[in-house]
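# Structural features, examined
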Amino acid sequence: MSKQDESEAISLFKELAKYPEVRSAKFLNSQEHYMNVESVWTQRCLEKSESHKFKRNYLIDADTSEVITRSNPQLHLECDWHVISPSGQKSVVIRKHIPDKTKPAEEKWYFEVWASSGFCEKVIDISATEKHGAVYDDDGAFGSVAWNTAEDKIVYVAEKKKVESASYFAKPSKCQDNPPEPGMKFVSTEDWGEMLVDKKQPVVCVIDLNSEEVKVVEQGLENMSCGQAVWCPDDKGVVFSAFFQEPFRLGMIYCPVRRSVLHHYNLETDSLKPLTDENGNISVRSARFSPDGSKLVYLECKAGGPHCVTQKLMLINWLEKEECSVLIDIFESASSDYDGFHGIYSQNLTVNCWNSCSTHVIFSTSCKSAKHIFSVELQTGSITRLTDTPGCWLVRDIQGDHILASVSCIDMSPALVVASLKDLAKGMSLSWKYLDPVTRIPGIKWQFKSHVPRIPNPVYSSLTYESIVLQPSNRTSKGFILFPHGGPHSVFPAAYQIYFVSLVRLGFTVALVNYRGSTGFGEASILSLVGNIGDADVKDVHQCAEEILEEFQLDKDRVVLLGGSHGGFLAAHLLGQYPDFYKAAVIRNGVTNLVTMIALTDIPDWVLQEAKIAGYMPGKVPTAEVNSYLHSVSPVAHIDKIKAPTMLMIGKEDRRVPPSQSFEFYKALLCKGVKTRMFVYPDNSHPISSVEAESDSFINLYKWFITHMQ
């Protein structure tokens with residue numbers, strides 16, 4: 001590879017890294033004729049190997065949704081939470097403070113209550129109450145913060161207070177009420193895994209802002225992990241999800257299938273009541289009350305099984321205290337009915353997901369190889385798609401009759417848009433208005449491509465799958481990169497992603513493969529892959545490569561593989577099952593050996609479920625026969641046939657796919673004489689997403705592909 005190629009890649013990545021991405025966006029205290037929007041953005045700073053965060057505010061005409069003024073970017077001061085009160089007249093900011101940087105374990109937490117006039121009314125040292133441990137951030141699994149209607153209390157989630165411990169040989173404690181328990185200092189307690197490290201037992205807490213007293217909701221929940229708390233409409237209680245943690249905790253991130261119960265806690269009577277079946281095999285999350293307080297919706301799916309399945313949207317008529325009913329059921333197939341809707345695959349609902357009249361619930365979800373925004377009308381169950389342009393649409397906030405969303409697509413960097421929901425009530429399509437000028441990335445063309453499997457699943461024979469094909473529009477293709485997603489039950493939406501765009505701008509054709517088992521194609525597609533990993537998914541990806549090579553007349557001697565997690569599992573399989581077809585591969589935190597993975601991953605159930613091992617539960621030691629089968633469907637079963645140069649990339653702190661998976665594969669390739677190289681990124685977990693690791697890994701994978709396509 002020439003220095004010129006390397007310089008071109010570095011220069012291009014620098015150029016594209018300048019485009020910011022939306023971190024959060026919400027409505028502030030809007031007036032009758034005006035709306036205020038606050039947004040937080042992140043932008044890569046390659047020179048400093050960090051992300052810059054900045055804030056931008058918008059003043060919008062409520063009648064036309066046109067932007068009146070937009071502020072210049074302002075430095076965003078880091079905090080864990082910034083939550084506006086229901087009236088918009090107050091906000092709470094929650095910050096972590098470490099007084100002595102040499103002792104990070106001695107962190108303190110502060111609640112700052114701010115008035116809309118711009119001054120701080122009160123600062124509460126929440127750590128001084130000694131009621132609990134660290135306050136949870138917006139982790140996507142447990143963390144939540146919410147004001148009550150009276151705006152004198154806040155519900156939040158924190159780590160349960162640790163039992164103090166002491167040495168067996170220490171002097172007796174003077175504390176008689178709760179003396180330290182000797183010998184417990186080094187007892188191991190598992191946490192909730194990948195990206196939730198040190199989060200072990202979250203508890204729901206309520207603070208009275210006047211008295212500064214904290215109530216921890218614990219009674220009857222000693223063996224549960226609680227979170228996602230919201231206030232009841234009358235301020236007398238809270239509703240939250242409680243997750244079972246016995247016999248041991250399983251990874252939560254990307255896995256919205258953990259068994260749980262929806263609970264109602266009454267603050268006045270100090271009583272706890274389950275709203276869903278405590279003995280049921282279900283997972284429940286994202287409870288959301290309607291603006292009029294009459295209804296409660298939440299997401300529900302079967303616990304266990306594939307880690308990302310179709311969710312049900314459930315409804316409780318709160319005032320009548322009726323039993324739960326199904327508002328949106330599971331969609332088995334990706335039919336053409338229901339305005340292109342194929343089921344709910346979101347892991348959480350937006351905090352504000354209702355229209356002002358409490359007649360519609362609005363949400364984002366995968367829709368084949370795109371993400372769209374839909375609404376469901378409660379009275380009729382009618383589902384309507386609110387977005388037309390293919391891409392990745394995400395609901396950010398709803399206030400009154402206006403919706404705030406973000407949108408991006410393959411060749412368009414993320415942007416914020418607003419629309420009036422009054423059109424929804426009239427049966428009209430929404431008119432989306434951009435808050436900033438749209439930024440299009442030149443030099444790229446892309447399209448969706450549908451594939452019909454050559455070998456249909458005997459149970460789900462009518463399934464199809466898709467790929468998104470990206471090509472340079474102004475130069476001849478240097479080669480073809482096949483890129484299957486991870487999961488396996490996830491999806492590549494047609495969203496802006498710096499890796500995709502950079503590779504195409506550098507001259508590659510890239511195919512993002514949404515093989516059978518991807519989300520957004522109906523429940524049947526997901527279930528079709530269970531018990532068929534290492535076979536059906538591998539065949540789908542390889543068929544995609546052959547069809548695209550033929551249709552776009554690409555060079556068959558310049559095909560390479562890129563994949564992470566389960567995508568890495570597929571890339572490794574393809575190298576062994578089709579050793580003369582692929583010229584090189586880059587595998588990021590890839591699964592290579594199911595036998596050795598099961599004991600070390602935070603999701604051992606993933607191995608058993610995807611391999612469809614009947615009768616096995618996490619913790620049960622596999623038999624020799626089971627291990628033999630797991631080996632047969634693992635990439636290492638084909639290690640002797642691999643020829644292509646293979647680069648491995650590892651996030652050293654990965655709890656999902658243990659680094660040992662890559663180390664094991666790396667050594668096996670070296671022993672077989674296969675050209676290989678490995679990069680280990682400290683302080684990175686499964687995504688390998690720090691600015692330094694992301695940029696370094698991109699340049700190295702580009703150099704690897706260019707070198708081995710010569």
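Residues numbered from 1 in each chain as written. Predicted model: local features only at pLDDT ≥ 70, side-chain atom pairs only at ≥ 80, totals over all residues. Heavy atoms only, no water.

### Side note on the pairing of strand β3 (residues 50-61)
Sheet topology note: the strand β2 (residues 34-45)/β3 ladder contains twelve bridges and is antiparallel. For T42, the partnering residue across the bridge sits in β3 and is K53. Counting the residues between successive antiparallel strands, the hairpin from β2 to β3 contains four residues, one of them, S49, with a positive phi of roughly 55°. Inspection of the sheet shows β3 paired to strand β5 (residues 74-75) by two bridges, in the antiparallel sense. What sits directly across from K55, in β5, is Q74. Of the pairings in the sheet, the one linking β3 to strand β4 (residues 67-70) comprises three bridges and is antiparallel in character. (Pairing = 2+ DSSP bridges. Helix = DSSP H or I, 4+ residues; strand = E, 2+ residues; numbered from the N terminus.)

### Details of the sheet that holds strand β9 (residues 120-125)
The strand order across the open sheet formed by four strands is β6-β7-β8-β9, and the pairing between neighbours is antiparallel. Two strands close off the open sheet at either side, each with one partner strand: β6 (81-84) and β9. Neighbour-to-neighbour, the strand axes of the sheet open up by a mean angle of 15°, direction not taken into account. Both strand β8 (residues 108-115) and β9 contribute to a ladder of five bridges, which runs antiparallel. Bridged to W114 within β9 is C120. (Axes fitted to C-alpha atoms, helices over the stretch in contact; angles between N-to-C directions.)

### Details of empty space enclosed by the protein
Tallying each qualifying case throughout the model produces one cavity of 30 Å³ or more. One number sums up the size of the largest cavity: a volume of about 40 Å³. Taken together, K160, Q201, V203, V217, E218, L221, E222, M224 and C226 make up the lining of the largest cavity. Across the lining of the largest cavity, the residue classes tally to five nonpolar, one polar and three charged. (1 Å grid on protein atoms, 1.4 Å probe; cavity = no way out; pocket = protein on both sides within 12 Å on 5 of 7 lines; lining within 4 Å. Points joined across faces, edges and corners; volume = space filled by probe spheres on them. Nonpolar A, V, L, I, M, F, W, Y, C, P; charged D, E, K, R; others polar.)

### Brief notes about the nonpolar core
F480, L482, Y582 and F665 are the most contacted members of the largest nonpolar core, which totals 53 residues. With seven residues, helix α5 (residues 536-551) is the largest single contributor of residues to this core. Among residues more than four places away in sequence, those in contact with F480 are T509, V510, A511, A545, I548, L549, L554, R558, V559, V560 and M709. With 44 residues, the next largest nonpolar core counts F13, Y496, F500 and L512 among its residues. (Core = buried A, V, L, I, M, F, W, Y, C linked by side-chain atoms within 4.5 Å. Buried < 20%, exposed > 50% of the residue type's maximum accessible area, 1.4 Å probe, protein only. Contact = heavy atoms within 4.5 Å.)

### Some remarks on the layout of surface pockets
Roughly 790 Å³ of internal volume is contained in the second largest pocket. Taken together, 33 residues make up the lining of the second largest pocket; nearest its centre are A303, G304, G305, Q609 and M617. In terms of residues, the lining of the second largest pocket owes the most to one element, helix α8 (residues 604-610), which gives three residues. For the lining of the second largest pocket, the per-class residue count stands at 19 nonpolar, six polar and eight charged.

### Some thoughts on the sheet that holds strand β22 (residues 295-302)
A sheet is described by the order of its strands in space; here four strands give the open sequence β21-β22-β23-β24, paired in antiparallel fashion. The outermost strands of the open sheet, each flanked by one partner alone, are β21 (282-289) and β24 (325-328). Across this sheet, the average inter-strand angle for adjacent strands is 35°, counted without regard to direction. One ladder, built from three bridges, connects strand β23 (residues 312-317) with β24; its direction is antiparallel. The residue bridging M314 from the neighbouring strand is V326, located in β24.

### Quick word on the packing of aromatic side chains
Within the structure shown, the criterion is met by 20 aromatic pairs. Seen in terms of ring centroids, F111 and Y156 are 4.9 Å apart; in terms of plane orientation they differ by 65°. Their pairing is edge-to-face. Highlighted residues: F111 in strand β8 and Y156 in strand β12 (residues 153-160), separated in sequence by 45 residues. Take F111 and Y156: they sit in the same class, and that class is buried. (Phe/Tyr/Trp six-rings, centres within 6.5 Å; stacked < 30°, edge-to-face > 60°.)

### Quick look at the pairing of strand β19 (residues 260-266)
The buried count for β19 comes to seven of seven residues, which makes it a mostly enclosed element. Side chains of β19 alternate between two faces, with S260, L262, H264 and N266 and V261, H263 and Y265 buried alike. Where strand β18 (residues 237-244) and β19 come together, seven bridges link them in antiparallel fashion. Each residue of the ladder has a partner; that of A242, found in β19, is V261. Bridging between β19 and strand β20 (residues 271-274) involves four bridges; their strand directions are antiparallel. Looking at the pairing, N266 lines up with S271 of β20.

### Looking at the pattern of salt bridges
Pairing between side chains of opposite charge can happen when their charged atoms approach one another. Tallied over the full model, the rule gives 33 salt bridges. Across the salt bridge formed by K55 and E38, the nearest N and O atoms sit 3.8 Å from each other. On the criterion of sequence distance, the pair formed by K55 in strand β3 and E38 in strand β2 is long-range, its members being 17 residues apart. Measuring nitrogen to oxygen at the nearest pair gives 2.7 Å for the salt bridge that ties K53 to E78. With K53 in strand β3 and E78 in the loop between β5 and β6, the pair connects residues that are 25 residues apart, well separated along the chain. (Salt bridge = Lys/Arg side-chain N within 4 Å of Asp/Glu carboxyl O.)

### Concerning the packing of α5 against helix α6 (residues 566-577)
Contact geometry for α5 and α6: axes closest at 10 Å, N-to-C directions at 75°. The angle between α5 and α6 falls in the class roughly perpendicular. Residues D537, V538, V541 and H542 of α5 touch α6, and the partners they reach there are H566, F569, L570, H573, L574 and Q577. Its residues assigned to classes, the contact of α5 with α6 shows five nonpolar, four polar and one charged. (Parallel < 35°, antiparallel > 145°, perpendicular 65-115°, else oblique.)

### Here's the deal with unusual backbone geometry
Trans peptide bonds make up the majority, and among non-glycine residues the majority have a negative phi. Here E246 and P247 are connected by a cis peptide whose omega angle stands at 0°. With an omega dihedral of 5°, the bond running from G487 to P488 counts as a cis peptide bond. For P488, the position within the fold is in the loop between β34 (479-484) and α3 (498-505). Phi at S286 is positive, roughly 60°, even though this residue is not glycine. Along the chain, the position of S286 falls in strand β21. Since its relative accessible area comes to 0%, S286 is described here as buried.

### Section: the packing of helix α1 (residues 3-17) against α3
α3 packs onto α1 with a crossing angle of 140° between their chain directions and a minimal axis gap of 10 Å. When the interaxial angle is binned, α1 and α3 end up oblique. Every pair of crossing elements has a handedness; the one defined by α1 and α3 is right-handed. Residues L12, F13, E15, L16 and A17 of α1 pack against I498, Y499, V501, S502 and R505 of α3. (Left-handed = near helix turned anticlockwise from the far one by under 90°.)

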